[in-house]
Amino acid sequence: QVQLVESGGGLVQAGGSLRLSCAASGRSIFSIRSMGWHRQAPGKQRELVATITSGGSTNYADSVKGRFTISKDNANNTVYLQMNYLKPEDTAVYYCNADRRVVPGSPVITSWGQGTQVTVSS
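Residues numbered from 1 in each chain as written. Predicted model: local features only at pLDDT ≥ 70, side-chain atom pairs only at ≥ 80, totals over all residues. Heavy atoms only, no water.

**Q** How do you make sense of the packing of aromatic side chains when you look at a structure like this?
**A** A ring pair, where both rings are aromatic, is described by two values, the distance of the centres and the angle of the planes. Counted by the stated rule, this structure contains zero aromatic pairs. A cation sits over an aromatic face here: Arg-46 above Tyr-95, 3.7 Å from the ring centre. Between Arg-46 and the ring centre of Trp-112, over which it is positioned, the NZ or CZ distance is 4.6 Å. (Phe/Tyr/Trp six-rings, centres within 6.5 Å; stacked < 30°, edge-to-face > 60°. Lys NZ or Arg CZ within 6 Å of the ring centre and 35° of its normal.)

This is the structure:
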């Protein structure tokens, strides 16, 4: 099992910055292959924001490229999302996720955090 706890959300003015953190724990954390951030705005579907693999490869949604940076601290099993030049359209609940496989080739198991609210005022 993997437990994820997010922190760092809040209210910020447009153009400002926030850093989200996601701490992973549990007996299965060593099987995590990638972690990421998704977000869900009111009335919209959850969408991918950024991912990072165990090897450090990253991927970003086009809407956040050049503004957001995902990184990880392996020693503390924590993933970060640095968000700069925030826009009102970035307002959403941000969720951390972790993907793992029990054994190579087995189905991916995804764990989710509880979410943290990010509100960007204009």
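**Q** How should I be thinking about the state of the cysteines in this particular structure?
**A** Formally, a disulfide is one covalent bond, and it connects the sulfur atom of one cysteine to the sulfur atom of another. One pass over the full model with this rule turns up one disulfide. Shown here is the disulfide that connects Cys-22 with Cys-96, its sulfur atoms set 2.0 Å apart. With the S-S dihedral at roughly -80 degrees, the linkage between Cys-22 and Cys-96 falls on the left-handed side. Here Cys-96 lies in strand 9 (residues 92–101) and Cys-22 lies in strand 3 (residues 18–25), a separation of 74 residues in the sequence. The same class applies to Cys-22 as to Cys-96, namely buried. (Disulfide = S-S within 2.5 Å. Helix = DSSP H or I, 4+ residues; strand = E, 2+ residues; numbered from the N terminus. Buried < 20%, exposed > 50% of the residue type's maximum accessible area, 1.4 Å probe, protein only.)

**Q** Just checking my understanding: could you explain the side chain of Arg-100 for this structure?
**A** As for its position among the elements, Arg-100 is in strand 9. As a buried residue without a salt bridge, Arg-100 has its nearest oppositely charged side chain in Asp-99, at a separation of 8.5 Å. Aside from chain neighbours lying at most four places away, what touches Arg-100 is Gln-1, Val-2, Ser-28, Ser-31, Ile-32, Arg-33, Pro-107, Val-108, Ile-109 and Ser-111. (Lys, Arg positive; Asp, Glu negative; His and termini not counted. Salt bridge = Lys/Arg side-chain N within 4 Å of Asp/Glu carboxyl O. Contact = heavy atoms within 4.5 Å.)

On their own, these measurements won't tell you what the molecule is for.
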